[in-house]
Amino acid sequence: MIEARELTKRYGGTTAVNALSFTVRPGVVTGFLGPNGAGKTTTLRMALGLNTPTSGSVTIGGRPFRERPRGLRHVGALLDAGDVHGGRSALAHLSALARGNAIPRRRVTEVLEEAGLAGAARRRVGGFSLGMRQRLGIAAALLGDPPVLLFDEPLNGLDPEGVLWVRGLLRRLAAEGRTVFVSSHLMSEMEHTADRLVVIGRGELIASESLADFAARGNRRSVAVRTSDPAALAALVTSAGGALEPEDDGSYTVTGLSADRVSELAFERRVLLHEVTARNSSLEQAFMELTADSAEYRSGGAR
Amino acid sequence: MSAMTPPAAEPRARFGDLLAAEWIKMRSLRSTSAALVAGALVSVGICVNSARSNAHLIERSTNPDQRTAIDPLHAAFVPEAFQILMVVAAAVGAATIFGEYAGGMIRTTFAAVPARRSVVAAKVVVVTAVMLVYGTAVAAASFGVTQAIYDPVRIGLPITAPGAFRAVAGSALLAPVSALVGMALGALIRHTAGTVVASVGVLLLLPRLFGGETYRWVKEIGNAMPVSAWTALVENPARSLPPGGPVRWVSRYPVSVTEAWLVLGAWALVAAAVAVAVVHRRDV
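Residues numbered from 1 in each chain as written. Chains lettered and ligands numbered in written order. Predicted model: local features only at pLDDT ≥ 70, side-chain atom pairs only at ≥ 80, totals over all residues.

Novice: Help me out: how do you make sense of the overall build of chain A in this one?
Specialist: A tally of helices and strands in chain A yields 10 helices and 13 strands. Dimensions of chain A along its principal axes, counting C-alpha atoms only, are 80 × 45 × 35 Å. Buried positions account for 47% of the 303 residues belonging to chain A. Counted over contacts in chain A with a minimum sequence separation of 6, partners at least 24 positions apart contribute 70%. (Helix = DSSP H or I, 4+ residues; strand = E, 2+ residues; numbered from the N terminus. Buried ≥ 20, exposed ≤ 12 C-beta atoms within 10 Å, placed from the backbone. Contact = placed C-beta atoms within 7 Å.)

Following this line, the structure appears as C-alpha cells:
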C-alpha cells in the first residue's frame, strides 16, 4: 500500500507536485499516468525517499521509506534504466545490491534468468541496449521479492517480446497480492495492463479510480460525418443544439447529438450524407481530454 | 517468483553487509584497479629512477664525500612521486562517490539501502582499508627497492634506521587521507571533472599559497596541509643537522612529527564526516 497525503514538491519557484493525495492498493496493477513533466518521476522519487517533499507525506506500508534501514525486501523499484554504473557487469551490479540487503546469491541468478539476462550476466552494463538495461532494472526490483513494486516507464526501449514479458510480469505480481505501481505517459501502454489509474497533470491529481470509471469520464460521444454540403449540415446541427467541426481528412465531427439524430436531421432537410459513424471516445481520448489543459510541453500546430 | 516474503522474515540490517556490498562495487570496476596499478608503477618508478641515478653518481665519483652528500631516504620518498600517489588516491576515492552520481547509480543505491549514512560510512571504511593497504604497498616497495639499489654503494638504510619506519608509515597514510579528501569533494561537487580539479587544488595547490614565513599564521595554515605533514614525516632525522656540513635552511615554524600525525588524522576525520553529512541531506 502506498499513500500520498498532500504531497508537495517545489524547486525554487516551480511547483513540480502540488498537494497530491492518492492511495495505491495491493492486488491490482495501478497505472500512474500523466503527460511529460506532470511530476510522475518526482512523486516516485519522493515515495522512495530520494527527494524530500517540501510538504505533505508519502508512506509505503505505513512508513516513510527512508526510515527503513534496508529497502529491497520492502520495495522493488525501477526508476530509470540508466541508474546503473556502466563499468560493472550485470552480475556485479546485482550482487552488490543483493549483498547489501542480505539477499542470498542464488536470488541474483534467479532474477537474471527471469529477466532473460543470464547470457549477458558477465557483460559490462555500459554495452547494454536500453531494452537490456530496462530488463536489468526490473531484475534489480525483483531481487528482494518485495510486496511493493514501483516502475517508472518500464516499457521504454523494450522489444515486443519484452513488452509482453513486462505486461505479464506486472499482472502476475499483482495477482500474487503485491502492490504494483507503474508510471507511463501513454494510455495505450496501460490500457491492457492496469486495473486502476492515478492520473496527474502539472503535479496535481486529475483522477484516482478504476480503469472503467476513468473511461466513462471521457465518454463524450461524437459522430463522424461525411457530407457534400457542410454548410447546410452545420446549420442543422447548430439549430438542434449540437456542434460541427471539420477534421483534417475532410470529414466532420458532430458533438452533442447522437448518430441517429444526425441522420434524421439530414434526411428531413435532404442533406446528403456519405458516412455516419458513431464514436465512443477511447481511454486514450479520455486521457487526452482530461490532461489537455495540464500538458506541460505541447507540440506546435493544431490539436 | 516465489510467494510473498512476509516483512517479518527480514534479517537484521548489518553494517557488515554494506561493507561487503561496497567491496563488491570497488573490485568490480576495472578502471579503479587500472588507476591504482598505474599510479603505483609511476610513483615507485620515479623513486627507483632517482635512486639509480644517485647510485651511478656515487660509483663514478672520485670524491669520497659524494656518498655522504646523498640522503638515502630522499630517493625513497621523492615528493613528486608521492604527489602523484595523492592525486591517484584522491581520484579513486572521489570516484566511489561521483561515479554513483554521474550515471544515477546513487538512486539505485539509496532505493536499495535508504540508510544513507550507513552506505557512505561503509564506502569510507572500504576506501580507507583498500587505500591503507595500497599506500603501505607503494611506500614499502619504494623504500625497499630504493634501499636495495643503494646497498651496493653502502648507503642503503634498514627499516630499523632512525625515521625509516616513520617515513614508510607516513607515506602509507597519505593514500587513505587523500582518498578521503577526494570522497568529501566528490560528495560536495558530485561532478567528475570538477572533483578531480578540486582534489588537485586542495591537496597540491592550496599548500603552495601558504608558504613563506613572513606571517606566522600563513605558514601555520600551510603546515596544516597533508602534504606538509608528509614532508615532515619523511624527513631523515639523521640528516636534519649535518655536523660540520653546509648550513641547511631551517624553518622558523617547522611542523613537528606529532603535529604531522595529528594533521593527517584530522584531515581524514573531517573529510569522512563531510562526505557522510553532505550525502545524507541532499536530494538525489
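Past the structure itself, the notes keep going.
Novice: Would you take a moment to explain the interface of chain B and chain A for this structure?
Specialist: Reports of interface size often rely on the accessible area that becomes lost once the parts have come together. Counting residues at the interface gives 35 residues for chain B, matched by 40 residues for chain A. When residues of the side of chain B that touches chain A are traced back to their parent elements, those giving at least two are α1 (15-27), α2 (30-60), α5 (79-103) and α6 (105-112) of chain B. When its residues are assigned to classes, the side of chain B that touches chain A shows 19 nonpolar, 8 polar and 8 charged. (Nonpolar A, V, L, I, M, F, W, Y, C, P; charged D, E, K, R; others polar.)

Novice: What is the right way to read the nonpolar core from this model?
Specialist: Ranked by internal contacts, the top residues of the largest apolar core, which has 164 residues, are A:Leu94, A:Ala139, B:Leu180, B:Val181, B:Met183 and B:Ala275. Counting residues in each nonpolar core, the second largest holds 11 residues, with A:Val223, A:Leu233, A:Leu244 and A:Val254 among its members. (Core = buried A, V, L, I, M, F, W, Y, C linked by C-beta atoms within 7 Å.)

Novice: Please clarify how unusual backbone geometry should be interpreted in this entry.
Specialist: Only a minority of non-glycine residues have a phi that is not negative, and only a minority of peptide bonds are not trans. All names here are of chain A. Unlike most non-glycine residues, Ala102 shows phi in positive territory, near 55 degrees. Note on placement: Ala102 falls in the loop between α2 (90-100) and α3 (106-114). A positive phi angle, close to 50 degrees, is found at Asp145, a residue other than glycine. In this structure, Asp145 sits in the loop between α4 (130-142) and β6 (148-152).

Novice: I keep staring at the sheet that holds strand β1 (residues 2-11) of chain A and nothing clicks. Help me out?
Specialist: Paired through backbone hydrogen bonds, the strands of a sheet run either parallel or antiparallel to each other. All names here are of chain A. Across the sheet, which stays open at both edges, the 3 strands sit in the order β2-β1-β4 with antiparallel pairing between neighbours. Each edge of the open sheet is held by one strand with a lone partner, namely β2 (14-24) and β4 (55-60). Pairwise comparison of adjacent strand axes, ignoring direction, gives a mean angle of 20 degrees for this sheet. Of the strand pairs in this sheet, β1 and β2 are connected by 7 bridges, and their pairing is antiparallel. (Pairing = 2+ DSSP bridges. Axes fitted to C-alpha atoms, helices over the stretch in contact; angles between N-to-C directions.)

Novice: I keep staring at the UniProt feature "transmembrane region" (unreviewed entry) in chain B and nothing clicks. Help me out?
Specialist: All names here are of chain B. Taken from the UniProt record, the annotation "transmembrane region" (unreviewed entry) applies to residues 81-99, 120-143, 163-185, 192-210 and 260-279. The distance separating the terminal C-alpha atoms of residues 120-143 is 33 Å; by composition the span is 100% helix and 0% strand. Across residues 260-279 one finds 100% helix and 0% strand; the C-alpha atoms that close the span lie 29 Å apart. (UniProt positions renumbered as here; feature names shortened; annotations may be inferred.)

Novice: What am I meant to see in the packing of helix α9 (residues 192-209) of chain B against helix α11 (residues 226-233) of chain B here?
Specialist: Residue and element names in this part refer to chain B. The geometry of α9 relative to α11 is characterised by a closest axis approach of 8 Å and an angle of 80 degrees between their N-to-C directions. As far as their axial angle goes, α11 and α9 are roughly perpendicular. Contacts between α9 and α11 pair Leu203, Leu204 and Pro207 from the former with Pro226, Val227 and Ser228 from the latter. Broken down by class, the residue content of the contact of α9 with α11 amounts to 5 nonpolar, 1 polar and no charged. (Parallel < 35°, antiparallel > 145°, perpendicular 65-115°, else oblique.)

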